[in-house]
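Each chain, written out:
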Amino acid sequence: KAGVTQTPRYLIKTRGQQVTLSCSPISGHRSVSWYQQTPGQGLQFLFEYFSETQRNKGNFPGRFSGRQFSNSRSEMNVSTLELGDSALYLCASSEKGGYTFGSGTRLTVV
Amino acid sequence: DAKTTQPPSMDCAEGRAANLPCNHSTISGNEYVYWYRQIHSQGPQYIIHGLKNNETNEMASLIITEDRKSSTLILPHATLRDTAVYYCIANFGNEKLTFGTGTRLTIIP
């Protein structure tokens, strides 16, 4: 079966802009989690959605937000981009505790 | 989630068994031990998990000590493609994973 699909793979944005990243989970998986990975902070949990509701949230500012649609696809949005938001953004889908990650979206803020 | 401690780096000769240790002395009775690995710039890949008993799958074996304060991931016949950062995570099986710094495993030809 198809894995977790994240689009786009690469993105370059300018400071102050906003960005939307997309994640399509494995078919049948209702939970989608988002992580940020940077060289300095490693892998950090952003938030998790289950059946269109945010179920868990990490310690990130309100500029980071997300949503989940009825088909379990999820988007995350970052507004007013800062240079420090440059990172690999990873999405993971799960059903009953098994986590499968996508290949990520590499965001560069210039 | 309980904190885990892993060595920052390890080397292993190709074809030999790679044994990656993890300490989780504060693990709760119903926390699982999960292992993931991340090959450069890819998303983490699930390897194996266990609660009390030793576990084996097609990728690796997981040995958990009787007191559950530490565990060892064993890659029985390491290949160059096993070069990656390996993460040991103690987790209740909920949806939030707390990644540490992991062990950078380098397989030497």
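All of these numbers come straight from a predicted model, not from anything done at the bench. (Residues numbered from 1 in each chain as written. Chains lettered and ligands numbered in written order. Predicted model: local features only at pLDDT ≥ 70, side-chain atom pairs only at ≥ 80, totals over all residues. Heavy atoms only, no water.)

(A) A look at the overall build of chain B. Across its full length, chain B carries zero helices and nine strands. Shown N-terminal to C-terminal, the secondary structure of chain B runs as helices and strands in the order β-β-β-β-β-β-β-β-β. Taking 109 residues into account, the globule formula puts the C-alpha radius of gyration at 13 Å, and chain B, at 13 Å, falls close to it. Taking the principal axes of the C-alpha coordinates as reference, chain B spans close to 40 × 30 × 25 Å. Taking all 109 residues of chain B together, the buried fraction comes to 43%. Long-range pairs, those at least 24 residues apart, make up 56% of the contacts in chain B between residues at least 6 apart in sequence. Total accessible area on chain B stands at roughly 5700 Å², and carbon and sulfur atoms take up 50% of it. Chain B carries 9 positive and 10 negative side-chain charges, and their two centres are separated by 4 Å. (Helix = DSSP H or I, 4+ residues; strand = E, 2+ residues; numbered from the N terminus. Rg over C-alpha atoms; globule rule 2.2 N^0.38 Å. Buried < 20%, exposed > 50% of the residue type's maximum accessible area, 1.4 Å probe, protein only. Contact = heavy atoms within 4.5 Å. Areas by Shrake-Rupley, 256 points an atom, 1.4 Å probe, with all protein chains shown as cover. Lys, Arg positive; Asp, Glu negative; His and termini not counted. Charge placed at Lys NZ, Arg CZ, Asp CG, Glu CD.)

(B) Structural detail: the interface of chain B and chain A. With 15 residues of chain B in contact, the opposing surface of chain A contributes 18 residues. Summing the contributions of chain B and of chain A, the shared interface buries around 1400 Å²; its carbon and sulfur component is 50%. Across the contact surface, chain B and chain A share zero salt bridges. For the pair chain B and chain A, the interface holds three residue pairs in polar contact (both at pLDDT 80 or more). For the side of chain B that touches chain A, the secondary-structure elements that each account for two or more residues are β3 (32–38) and β8 (84–91) of chain B. (Buried area = accessible area lost by both parts, 1.4 Å probe. Salt bridge = Lys/Arg side-chain N within 4 Å of Asp/Glu carboxyl O. Polar contact = N/O pair within 3.5 Å; in protein donor to acceptor, adjacent residues only side chain to side chain.)

(C) Summary view of the sheet that holds strand β2 (residues 18–23) of chain B. Residue and element names in this part refer to chain B. If you trace the four strands from one edge of the open sheet to the other, you get β2-β7-β6-β5, paired in antiparallel fashion. With one partner strand each, in any of the chains shown, β2 and β5 (55–56) form the two edges of the open sheet. Note that β2 and strand β7 (residues 70–75) share six bridges and pair antiparallel. Within β7, the residue paired with Pro21 across the bridge is Thr72. (Pairing = 2+ DSSP bridges.)

(D) Main features of the environment of Gln36 of chain A. Residue and element names in this part refer to chain A. Secondary-structure assignment places Gln36 in strand β4 (residues 31–38). With a relative accessible area of 5%, Gln36 lands in the buried category. Linking Gln36 and Leu88, residues 52 residues apart in sequence, is a C-alpha distance of 5.9 Å. At 3.0 Å, the side chain of Gln36 forms a polar contact with the side chain of Tyr89.

(E) Broad picture of the side chain of Arg37 of chain B. All names here are of chain B. The residue Arg37 is located in strand β3 in this model. A polar atom in the side chain of Arg37 sits 3.0 Å from the side chain of Tyr86. Once residues lying within four places of it in the same chain are set aside, the contact partners of Arg37 are Gly43, Pro44, Gln45, Ile47, Met59, Arg81, Asp82, Ala84, Val85 and Tyr86.

(F) Representation of the pairing of strand β5 (residues 42–50) of chain A within the structure. All names here are of chain A. Summarising the sheet, β4 and β5 pair through eight bridges and their orientation is antiparallel. By the bridge assignment, Tyr35 is partnered in β5 with Phe45. Two successive antiparallel strands, β4 and β5, enclose a turn made up of three residues. Here β5 folds back onto strand β6 (residues 53–57) in antiparallel fashion, the turn holding two residues, of which Ser51 has a positive phi close to 50°.

(G) Region of the structure containing the sheet that holds strand β1 (residues 5–7) of chain A. All names here are of chain A. Taken in spatial order, the four strands make up an open sheet running β1-β3-β8-β7, and their pairing is antiparallel. Looking along the sheet, the strands with just one partner apiece sit at the ends: β1 and β7 (64–68). Across the sheet, the mean angle separating the axes of adjacent strands is 20° when strand polarity is ignored. Two elements, strand β3 (residues 19–24) and strand β8 (residues 74–78), share five bridges in a ladder whose sense is antiparallel. Bridged to Thr20 within β8 is Asn77. (Axes fitted to C-alpha atoms, helices over the stretch in contact; angles between N-to-C directions.)

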